[in-house]
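So the chains spell out like this:
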Amino acid sequence: MTQNQRPIGSGFTAASTATDVLAGIDLSGRNVIVTAGHVGLGLETTRALSQAGASVVVGARSPERAAHALAGIDGVEVYPLDLMDPRSIDTFAVRYLDSGQPLHILVNNAGIMGGELVRDARGYESQFATNHLGHFQLTLGLLPALRGASGARVVEVSSWGHHLSDIHWDDPHFDTGEFDGMVAYGQSKTANVLFAAELDRRFAGEGIRGYALHPGGIVNTNLAPWLGEDGWRAMGLVDDDGQPVIDPERDRKTPEQGASTSVWAATSPQLDDLGGVYLQNNDVAPLEDITEPLTLDITAGPMETTVGVTRYAVDPESAQRLWELSEKLTA
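In what follows, the accompanying structure is described. Just so it is clear, the structure is predicted and the values come from calculations on it, not from any experiment.

Moving on, we come to the nonpolar core. Judged by nonpolar contacts, the single largest core of 34 residues is most densely connected at V32, L49, V56, L70, V263, L271 and L279. At four residues, the largest contribution of residues to this core is made by helix 10 (residues 260–267). With near-sequence residues (within four places) excluded, V263 lies in contact with A18, V21, L22, T45, A48, L49 and S268. Among the nonpolar cores identified, the runner-up in size contains 27 residues, and L83, I89, Y96 and A152 belong to it.

In structure tokens:
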């Protein structure tokens, strides 16, 4: 796993857009699912893949709101999907399987970040439930369609936020330990990376490849409404006038730039023989020496990220352990 975690020289940069990385790629006849593909990065991902010829199913908690946001984009259908509701996930998967269509690309894009402690109906912490377990259950439910594609990719939209926490193996839902919303977010993003790696290890032989990625810092998404303009300003992501700071070399990106790595992971022929890796800025990210989580204080000044992935997020034993834990938690 870790031996492949090094840049390949893709030719793209942090400033590349989804349109840039799709140049010359024809997705006609390809079927795609994008969770929360109607807002923020998901909307840009849906738009770019659709424009390249793909047929896209968007999973959304509010199909009516999603349909409104997606109006004018061809080849898009909306299915109801609530990643905190196991029955909703199963219904979504069965509906897609009943269509008889193969699934060439699954972009597990939906996510929530930070805030107060919220639990789902099972008592699971909401970020771990939404960002990881819901997508884990959805992906396994869609395995027959992924196999039917004779070559499929599963893309996990993780984050640099994985630097904030390893998996809390003894207390993943913060039942006994002190809760910190950003630590919980970090745990869920580490889970995304480990899931992609283990998915690739298990199913690459069947033509199903897994990828995780950091899209960049993008202000105008629905990821963390609790932060508000003051929070974004404290992190150096908006200026004094409340406008997004765009500086891709410092990880401040437009939605079009942020969606590019998701789209590159989903479509690039440069990744045809490579999977189970964490991506950043439209390339494979380097493996960092970081072995312990970092602490983030969003009030301490502009946030500065690094290019790379921590060792605990790509640890093969942890990846297998998380898979087994996730099977138990979603059974």
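This is not the end of the story, as more comes after the structure.
What follows covers the packing of helix 4 (residues 86–98) against helix 5 (residues 126–141). Any two packed helices are characterised by how steeply their axes cross, that is the angle between the axes, and by the distance between the axes. Axis separation between helix 4 and helix 5 bottoms out at 9 Å; the angle between their running directions is 25 degrees. The orientation of helix 4 with respect to helix 5, classified from their angle, is roughly parallel. As for how helix 4 packs across helix 5, the hand of that crossing is right-handed. On the side of helix 4, the interface is formed by P86, I89, D90, F92, A93 and L97, while helix 5 contributes G134, Q137, L138 and G141.

Below, the discussion takes up the packing of aromatic side chains. Counting across every chain of the model gives six aromatic pairs. Ring geometry for F174 against F179: centres 5.3 Å apart, planes inclined by 85 degrees, an arrangement best described as edge-to-face. Since its relative accessible area comes to 23%, F179 is described here as partly exposed. For the pair F195 and W323, a centre-to-centre distance of 5.6 Å together with 40 degrees between the ring planes defines the contact as tilted. Taken as a pair, F195 in helix 7 (residues 181–203) and W323 in helix 11 (residues 316–330) lie far apart in primary sequence, 128 residues in all. We note that F195, like W323, is buried. By way of ring pairs, the aromatic residues F136, F195, F203 and W323 are connected into one cluster. Above the ring of Y79, the side-chain terminus of R95 is found at 3.8 Å from the ring centroid.

Another point: the sheet that holds strand 2 (residues 55–60). With parallel pairing, seven strands are arranged side by side in an open sheet as 3-2-1-4-5-6-7. Among the strands making up the open sheet, the edge pair consists of strand 3 (76–80) and strand 7 (277–280). Averaged over all pairs of adjacent strands, the angle between strand axes in this sheet comes to 20 degrees, irrespective of strand direction. With five bridges connecting them, strand 2 and strand 3 associate as parallel partners.

What follows covers helix 11. The end-to-end C-alpha distance of helix 11 is 21 Å, a good match for the 21 Å that 15 residues give at a rise of 1.5 Å each. What helix 11 keeps buried is the set S318, A319, L322, W323, S326, L329 and T330. Down the axis of helix 11, the buried set is contained in an arc of 140 degrees. They therefore lie on one face. Helix 11 presents E317 and K328 as exposed residues on the side facing more than 90 degrees away from its buried surface.

Take helix 4 next. Compared with an ideal rise of 1.5 Å per residue, which puts 13 residues at 18 Å, helix 4 spans 18 Å between its outermost C-alpha atoms and is within 8% of the ideal. Within helix 4, burial applies to S88, I89, F92, A93 and Y96. Buried residues in helix 4, looked at end-on, bunch into an arc of 130 degrees, giving them a common side. Set apart from the buried face of helix 4 by more than 90 degrees, the exposed residues are R87, T91 and D98.

Enumeration over the complete set of coordinates arrives at 13 salt bridges. Taking the shortest distance from any N to any O, the salt bridge between R119 and D175 comes out at 3.3 Å. Taken together, the residues R119 in the loop between strand 4 (105–108) and helix 5 and D175 in the loop between strand 5 (152–157) and helix 7 connect sequence positions 56 residues apart. The class for D175 is exposed, based on a relative accessible area of 54%. The partner of R122 in a salt bridge is D120, with the nearest N and O atoms 2.9 Å apart. On the basis of relative accessible area, R122 is assigned to the partly exposed category, the value being 29%. Taken together, the salt bridges that share partners define one network made up of E198, R201 and R202.

Next up on the list: the environment of G24. Along the chain, G24 falls in the loop between helix 1 (18–21) and strand 1 (31–35). Classification of G24 by relative accessible area gives exposed; the value is 86%. When the C-alpha atoms of G24 and A52 are compared, they prove to be 8.9 Å apart, with 28 residues separating the residues in sequence.

Attention now moves to unusual backbone geometry. Within the chain, F174 stands out as a residue other than glycine whose phi angle is a positive 55 degrees. Here F174 is to be found in the loop between strand 5 and helix 7. In this model, D251 sits at a positive phi of 75 degrees, which is unusual for a non-glycine residue. Residue placement: D251 occurs in the loop between helix 8 (228–234) and helix 9 (255–258).

Reading the values: the criteria
Residues numbered from 1 in each chain as written. Predicted model: local features only at pLDDT ≥ 70, side-chain atom pairs only at ≥ 80, totals over all residues. Heavy atoms only, no water. Core = buried A, V, L, I, M, F, W, Y, C linked by side-chain atoms within 4.5 Å. Buried < 20%, exposed > 50% of the residue type's maximum accessible area, 1.4 Å probe, protein only. Helix = DSSP H or I, 4+ residues; strand = E, 2+ residues; numbered from the N terminus. Contact = heavy atoms within 4.5 Å. Axes fitted to C-alpha atoms, helices over the stretch in contact; angles between N-to-C directions. Parallel < 35°, antiparallel > 145°, perpendicular 65-115°, else oblique. Left-handed = near helix turned anticlockwise from the far one by under 90°. Phe/Tyr/Trp six-rings, centres within 6.5 Å; stacked < 30°, edge-to-face > 60°. Lys NZ or Arg CZ within 6 Å of the ring centre and 35° of its normal. Pairing = 2+ DSSP bridges. Expected span 1.5 Å × (residues − 1). Arc of directions from axis to C-beta. Salt bridge = Lys/Arg side-chain N within 4 Å of Asp/Glu carboxyl O.

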